[in-house]
Amino acid sequence: MPQPAPNAVVFFGTPEYAVPTLERLHTDSRFDVRAVVTQPDRPAGRKHQLVAPPVAEVARSHGYDVLQPETLRDEAVRQQLRDCDADLFIVAAFGKIFSQAILDIPRLGCLNLHASLLPDYRGAAPITAAILSGDKKTGVTLMQMERGLDTGAMIGTIETAISETDTTLSLTER
């Protein structure tokens, strides 16, 4: 029996948190990563040298086309995304809210891997918020994206306990 064609995806992510998702897409034959979109390189350190986001470094190491637009509102950027002919956009900590024009590009929509058990802690810094609130558990939520901040339908969650010694860094890594 012939194998089904892989899903054509564009991956959006920026920090280290997003790297495992990109790595999983890279090794899973069900997905054909057409491009990776990440934030632009930013100055860092005392010398303020430009540093690429972790996702950009990993994407380049796998030979993916890397897009680093300042904004997704630029029509030329939207055209680049349309040219990828993607079935799905998959997002993990990209750092920008998608307009309806972006959400409408992939045939099957956009999925987001959010770092909390939604509906808790929508928006930025959900891991830190869970620790500061004294929560005993947190996790990740896979959700369908729609216009708005983390408001789409939840597809599934994975939970993890928060220990008394967890920090934002240790919990993010887990």
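Please refer to the structure placed before this passage.
Residue numbers restart at each chain and count upward from 1, following the sequence in its written direction. Two thresholds apply to this predicted model, a pLDDT of at least 70 for residue-level local features and 80 or more for giving and counting side-chain atom pairs, whereas whole-chain, interface and lining totals are computed over all residues. Only heavy atoms go into the side-chain values, all of them from the structure, while hydrogens and water stay out.

Helices and strands together make up the secondary structure of the protein, namely six helices and nine strands. With C-alpha atoms as the basis for the radius of gyration, the globule rule is written as 2.2 Å multiplied by the number of residues raised to the power 0.38. Taking 16 Å as the expected radius of gyration for a compact globule of 174 residues, we find that the protein reaches 17 Å, a close match to that expectation. Reported as C-alpha extents along the three principal axes, the dimensions of the protein are approximately 50 × 45 × 35 Å. Buried residues in the protein amount to 41% of all 174 residues. Pairs of residues are marked as contacts when any of their non-hydrogen atoms sit within 4.5 Å. Within the protein, counting contacts between residues at least 6 apart in sequence, those at least 24 apart form 59% of the total. Of the roughly 10000 Å² that the protein leaves accessible, carbon and sulfur atoms contribute 54%. The protein carries 17 positive and 22 negative side-chain charges, and their two centres are separated by 3 Å. For the purposes of this entry, the term helix denotes a DSSP run of H or I that reaches at least four residues, the term strand denotes a run of E that reaches at least two, and both are numbered from the N terminus. Accessible area is worked out with a 1.4 Å probe on protein chains only. A residue is then buried under 20% of its type maximum, exposed over 50%, and partly exposed in between. Computed with a 1.4 Å probe, the accessible areas rest on the Shrake-Rupley method; for each residue, only the protein chains presented here act as cover. Only four residue types enter the tally: Lys and Arg on the positive side, Asp and Glu on the negative side, with His and both chain ends excluded. Here the site of a charge means atom NZ of a Lys, CZ of an Arg, CG of an Asp or CD of a Glu.

Along the chain, the position of lysine 47 falls in the loop between strand E3 (42-44) and strand E4 (49-51). Once the C-alpha coordinates of lysine 47 and aspartate 120 are considered, the two residues, 73 residues apart in sequence, prove to be 38 Å apart.

Before going further, it helps to spend a moment on the environment of aspartate 166. Relative to the helices and strands, aspartate 166 resides in the loop between strand E9 (154-161) and helix H6 (168-173). The sequence separation of aspartate 166 and leucine 118 amounts to 48 residues, and the corresponding C-alpha distance is 20 Å. In terms of polar contacts, aspartate 166 uses its side chain to reach the backbone amide nitrogen of serine 163, at 2.9 Å. Throughout this description, a polar contact denotes any pair of N or O atoms lying within 3.5 Å of each other; where both atoms belong to protein, one of them has to be capable of donating a hydrogen while the other can accept it, and for residues adjacent in sequence the pair is counted only when both atoms sit in side chains. A distance of 2.8 Å separates a polar atom in the side chain of aspartate 166 from a polar atom in the side chain of arginine 174.

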